[in-house]
Amino acid sequence: MNNRYNEKIEKLLSSMTIDEKIGQTNMLGGSIYTELDTSQIDGMLRDGLVGSIMYMCPQTNNKLQRKNLQLSKSKIPILFCGDIIHGVRTIFPIPLAESCSWLPQLAYETSKAAALEGTALGCKWTFAPMADIVCDARWGRVMESSGEDKLLASDFVAARVKGFQGTDRNNIDSTHMASCIKHFTGYGSSEGGRDYNSVTLSKQQLDNRILPPYKSGIDAGAVTVMTAFNDINGTPCTVNNILLDETLRKSWGFDGVIVSDYNSLKEAVIHKYCSDDVDAVISGINATLDIDMMSKLYITHIKQLIDNGKLSINQLDDIVRRILLLKYRVEIMDNPYTDETLQNTNIATPQTLELAYESCVNSIVLLKNDNRTLPIVNKKIYLTGPFTDDKRNLNGNWSYYNNVEQNITVKQALSTRNAELVSNINDCDVIIYCGGHTNEQCGEAASMVNIELPHIQQQEIIELSKYNKPIVLVINAGRPLALASIADYCSGILFTWHLGTRAGDGIADILIGNYCPRGKLTMSFPHYSGQCPIYYSEITTGRPANADKYTSKYIDSPIGPMYPFGYGLSYTKIEYSNITLKTNSITAKDNIYISVTVKNSGKYATREIIQAYCSKQFNKPIRPKKELIGYESVELQIGESKTITMEIPACNLMYKHQDNSGKYDIYVGKDSNCGIIGTITFSN
Ligand code: BGC
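Residues numbered from 1 in each chain as written. Predicted model: local features only at pLDDT ≥ 70, side-chain atom pairs only at ≥ 80, totals over all residues. Heavy atoms only, no water.

**Q** I would appreciate a short explanation of the overall build of the protein in the present structure.
**A** Along the protein, the regular secondary structure elements total 20 helices and 23 strands. Taking 2.2 N^0.38 as the reference for a compact globule, 684 residues should give roughly 26 Å; the C-alpha atoms of the protein span a radius of gyration of 26 Å, in line with that estimate. Oriented by its inertia axes, the alpha-carbon framework of the protein measures out at about 75 × 60 × 45 Å. Every one of the 684 residues in the protein was classed for burial, and the buried ones make up 62%. Sequence separation of 24 or more characterises 79% of the internal contacts of the protein that already satisfy a separation of 6 or more. Approximately 25700 Å² of the protein is accessible, and the part contributed by carbon and sulfur atoms is 49%. Each charge class in the protein can be summarised by its mean position, and for the 67 positive and 73 negative side chains these summaries are 3 Å apart. (Helix = DSSP H or I, 4+ residues; strand = E, 2+ residues; numbered from the N terminus. Rg over C-alpha atoms; globule rule 2.2 N^0.38 Å. Buried < 20%, exposed > 50% of the residue type's maximum accessible area, 1.4 Å probe, protein only. Contact = heavy atoms within 4.5 Å. Areas by Shrake-Rupley, 256 points an atom, 1.4 Å probe, with all protein chains shown as cover. Lys, Arg positive; Asp, Glu negative; His and termini not counted. Charge placed at Lys NZ, Arg CZ, Asp CG, Glu CD.)

**Q** Is there a simple way to think about the sheet that holds strand 8 (residues 257–259) in this case?
**A** Backbone-to-backbone hydrogen bonds join strands into a sheet, with any given pair of strands oriented parallel or antiparallel. Across the sheet, 3 strands lie side by side as 4-5-8; this open sheet has parallel pairing. Two strands close off the open sheet at either side, each with one partner strand: strand 4 (180–184) and strand 8. With direction set aside, neighbouring strand axes in the sheet form an average angle of 25 degrees. In this structure, strand 5 (residues 224–227) lies alongside strand 8, joined through 3 bridges in parallel fashion. The partner of Met226 across the bridge, within strand 8, is Val259. Strands strand 4 and strand 5 of the sheet are contacted by helix 9 (residues 203–219), whose axis makes an angle of about 160 degrees with strand 4. (Pairing = 2+ DSSP bridges. Axes fitted to C-alpha atoms, helices over the stretch in contact; angles between N-to-C directions.)

**Q** What exactly am I supposed to notice about the sheet that holds strand 10 (residues 365–369) here?
**A** Taking strand neighbours across the sheet as the criterion, the 6 strands line up as 10-15-14-13-11-12 in an open arrangement whose pairing is mixed. Two strands lie at the open edges of the sheet, namely strand 10 and strand 12 (420–421), each paired on one side alone. Bridge analysis of strand 13 (residues 430–436) against strand 14 (residues 471–476) gives 6 bridges, and the strand direction is parallel. Each residue of the ladder has a partner; that of Ile432, found in strand 14, is Val472. Sheet contacts for helix 20 (residues 503–511): strand 13, strand 14 and strand 15 (492–495); angle to strand 14, the most-contacted strand, approximately 155 degrees.

**Q** Looking at this model, I keep getting lost on the packing of aromatic side chains. Mind explaining?
**A** Describing an aromatic ring pair means giving the distance of the ring centres and the angle of the ring planes. Using the criterion set out here, one finds 20 aromatic pairs in the structure. Between Phe184 and Tyr214 the ring centres are 5.3 Å apart and the planes differ by 90 degrees, which places this aromatic pair in the edge-to-face class. Taken together, the residues span a long stretch of sequence, with Phe184 in strand 4 and Tyr214 in helix 9 at a distance of 30 residues. Residue Phe184 shares its accessibility class with Tyr214, and that shared class is buried. (Phe/Tyr/Trp six-rings, centres within 6.5 Å; stacked < 30°, edge-to-face > 60°.)

**Q** Is there a simple way to think about the site of the ligand in this case?
**A** The environment of the ligand is made up of Met54, Asp83, Phe127, Arg141, Lys182, His183, Met226, Phe229, Asp261, Tyr262, Met293 and Glu444. Side-chain polar atom of His183 to an oxygen atom of the ligand: 2.7 Å apart, as the coordinates give it. Here an oxygen atom of the ligand and a side-chain polar atom of Asp261 are 2.6 Å apart. In the complex, 91% of the free accessible area of the ligand, which totals 310 Å², lies under the protein chains. A per-class count over the shell around the ligand returns 6 nonpolar, 1 polar and 5 charged. (Near = heavy atom within 4 Å. Polar contact = N/O pair within 3.5 Å; in protein donor to acceptor, adjacent residues only side chain to side chain. Nonpolar A, V, L, I, M, F, W, Y, C, P; charged D, E, K, R; others polar.)

By themselves, these figures tell us nothing about what the structure is for.
Listed below in structure tokens is the structure:
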């Protein structure tokens, strides 16, 4: 290990007993405050058995820290941590929603703002960002991801790491916190979209579709990584030496801390991979897993295993070095307490609330807008549905620390904007139905086989359609939904995700035309649940789907997604012209240049996301039929025209561990269904 804290770490390490060293590997939950009595807690502190605690409350934590520094011999501060995924008191849009902005810079800003609030509550380590690639909307945790595409997800992950940690990963200052790339690896590919389930991935998929976003987080400086609950190809990730030691540490040069997921070390036994708890501990240590979250196996077994020679003290020392380095990096060694006054100044500031609004309006995706039903201007609105005035379920799944009362609902926001809301449906010009999912219908342990709008909501919409008024369906949800059964009843569909504190303001401004929708999907939406998993970058088959019966498709569903990756409508009209591929041949060190003119010929200012894709003409093994290689976000005033030159590094179309030479078709346009503009030859 070679870092600026070496000397201090070595000095401290040499003064620690083996029990104190083992104690550093132990992560406990906030339940210790309720489950243990004072003498039990004091005993653990005295023996140095508490390394980190998942809990955020400055008063309670400061009190415990004070005791820890009095009672323990080594006087190493406890690291307080937690899941800050999309905000703390101010809730930002869920990460999947925010990725629909295609603005990594926005994710940087919201992560930085979340770190400001989180550190005011004493948290110095968040378990975010999630870097899992997701293509199965049955999996509830897609909400926490940046979608199905590796390039876009990589950019978002890197931005979030920097937002949480700040500019110097070795001095993560008082308003920033350590980030954690999770869940390493492949948790988003669990079979059947079922949480905690097994994962099987080919080497090509792993190297070129699944690993890149994790690697991007490491390259951005993330100081910690969390292992995934799942196995990959038969080895549970938490004890996976190839992934953790060989790939992450040796090949990628990661010098930080690896933490297990919640109890996942013990679950290596339940997986039937390890024969017993002792085997799990040996496997974990041999895989260089540093911190055991919640299972207590490390504190129970390491000492004996070192005594009987099954593990070496050097292995433990290396682990403790990395944990101490983390504690130095987040500066708790010198500043172990949280300034309790920060709760008055750093929480829900006007800037943070404004940022939450920015993020909301950029995350919303307009899916359908027949007869220009939206925006609703000078029309009488009948507002109905379960989420018109529900503050709590605007938040999404990771929102435990939010002050729900400060959230703005759609009803509140429309009322303050003087929209004309009528109480008799017969008097209205348009119906707005706010439907979707609750916070609990998304997130962890919320896999579903049916991802349609809940049946009762569909029935209500069908009843409303009998009034022959246009219906605008506003969908509050944490995952893509299968909308084939209900879309025909609606003239407009606005997918608003779980947007958090300023949800109502953002939604209302888009509904009434104060803001032009511009978000574009980062997960494909199926027509029916049974199409999952569905993603644009699927591998080409020998019988691509077409009208012919014997091709790769379902006989009871249209071919392809209902709304493709990259799709999103606007109130204005964006025209593409003069799309020119300026590069014909490249090598690995070159860029591809594409020039595009985009013109806003409609009546609303907006931002357009120009997308570029490639498709390798043939490859061994086969590559996906299309892959995103670049995107550009362009602000356009009414009537404005801009010519953009996209500069795309050749590495964006290259695959790892393969001969990349050959011909690539290049596509450019508004979404992943865009057309071909030319061909490039790549040579080594
Ligand atoms: C989740 C992690 C989370 C951890 C701690 C687990 O169940 O999978 O993503 O960070 O709990 O809350």
